[in-house]
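Structural features, examined
So the chains spell out like this:
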Amino acid sequence: MDNSSPTALLDLARNRYDRTLELLERMVVTESPTGDAEGVTSVADQVRVLFTEHDAEVAVHEGEWGTHLVMDVPGAGERSEAAPVLFIGHSDTVWPTGTLEKMPFRIEAGIAHGPGIFDMKSGLLIMHQGLSVSTELGLSRPPVRVIVVGDEEIGSPSSRELLLASAEGVSAVLGFESPHPGGALKVGRLGSTRLRLQVTGRASHAALDPEGGVNAIEELVDQILALREIIGSAQDAAPGDVLCNVGTIAGGGKTNVVPAAASVEVGLRFRTPEVENQVLASISDLVPVRRDAQLQVQTLSQRPAWQADAADEELLAAVEAAAADARLPTVGGRPAAGAGDTNFLGSLGLPTLDGLGPDGAGAHADHEQVRLESIPERIALLAALLARL
């Protein structure tokens, strides 16, 4: 690397520890559950202010889910005219407002706790601080485009097109979600689809006119069984390539009324596009069992399967070289079961890695936490990586 020494990277990142911790606490105590436009926008505003330090050109996209940000940061040195690198993050969390009362931000034995700290507010700060270290050391780097969306936790329904548009012309995609336990990066992710099966029947008195009704709940039960047959066949043909979870069921009211409506929401995970396409096509071909019943299959969100390819592995090799530059341990990388916004871009063949947030545990769990020592390590790693891209 130019204009720097390996030890300078980590030393400078560690010197920024107090400031990083201050910013992290401020971000975590700003609750931002998906759908809370005010909270999501408040976190996005904090990120936007931080990136003014990098002379970012900022585009603010307002919507029902809160603010989405796209920020273009100029490059530096001999790589300043190269194709940009895309950073991906999100400002929403899975935690409802009020969670801080039972899960307050706190630090114990080198571990920081709090809702959204691991997934993924700490990752947002790695983006900022990595760029700051790169600038302070005078390192060469390509331009960086940063997108921070506000609806990732429900599949990015309002930001998907913005994500795709932001990726036009980039040389690589870096996601700052939480890593695997121990810090290994995510190289490939399962595809994720959420479906709702909605059944419409016909209400009637369950005793006086049972034949006049069409029982939506009974129809839904038969449709769930048919769904299980589809999944079972796919699992037999390709073990481990599809997962299914029936998450919620709704319908009915009184026991003396034939229910006229019922629905189920289903989560599906796919390892390969081929199995994904086959299963979803079979589900879309489901038809009602009962005369006069109606069935609607609605896609709530869909992220395609991202299978790692040679371009992803080459990008991972650059990360390992950057880790050596910064005198950090080997990072490692492997596929992940969970889906994220990097699915959209990795599945298109763009060189993609995810999990560049700091090490920790408990995403979506009440023990959510970040190992503080890993924060300067990730900052130094990012600064070193940008010098190699």
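Notes on the structure in this doc start here.

Scoring rules and cut-offs
- Residues numbered from 1 in each chain as written.
- Predicted model: local features only at pLDDT ≥ 70, side-chain atom pairs only at ≥ 80, totals over all residues.
- Heavy atoms only, no water.
- Pairing = 2+ DSSP bridges.
- Helix = DSSP H or I, 4+ residues; strand = E, 2+ residues; numbered from the N terminus.
- Axes fitted to C-alpha atoms, helices over the stretch in contact; angles between N-to-C directions.
- Contact = heavy atoms within 4.5 Å.
- Parallel < 35°, antiparallel > 145°, perpendicular 65-115°, else oblique.
- Left-handed = near helix turned anticlockwise from the far one by under 90°.
- Nonpolar A, V, L, I, M, F, W, Y, C, P; charged D, E, K, R; others polar.

**Some details on the sheet that holds strand β14 (residues 294-303)**
Strand pairing in a sheet relies on backbone hydrogen bonds, with the paired strands running either antiparallel or parallel. Here we have four strands laid out as an open sheet, ordered β11-β13-β9-β14, and antiparallel in their pairing. Edge strands, defined here as strands with exactly one partner in the open sheet, are β11 (242-251) and β14. Taking the axes of each pair of neighbouring strands and ignoring which way they run, one obtains an average angle of 20° across the sheet. As paired elements, β11 and strand β13 (residues 261-270) share nine bridges and run antiparallel to each other. Across the sheet, G251 pairs through a bridge with A262, a residue of β13. Along the sheet, helix α6 (residues 216-237) makes contact with β9 (191-200), β11, β13 and β14, crossing β11 at roughly 175°. Of the strands in this sheet, β9, β11, β13 and β14 are in contact with helix α7 (residues 273-284), which crosses β13 at around 165°.

**A short note on the packing of helix α2 (residues 17-28) against helix α4 (residues 117-136)**
For any two helices packed against each other, the geometry comes down to the angle between their axes and how far apart the axes lie. At their nearest, the axes of α2 and α4 sit 10 Å apart, and the two run at 140° to each other. Judged on the interaxial angle alone, α4 and α2 are oblique. The element α2 and its partner α4 pack so that their crossing is right-handed. When α2 is examined against α4, the residues R19, T20, L23, L24, M27 and V28 are found in contact with a partner set consisting of I117, K121, S122, L124, L125, H128 and Q129. Residue classes in the contact of α2 with α4 are distributed as seven nonpolar, four polar and two charged.

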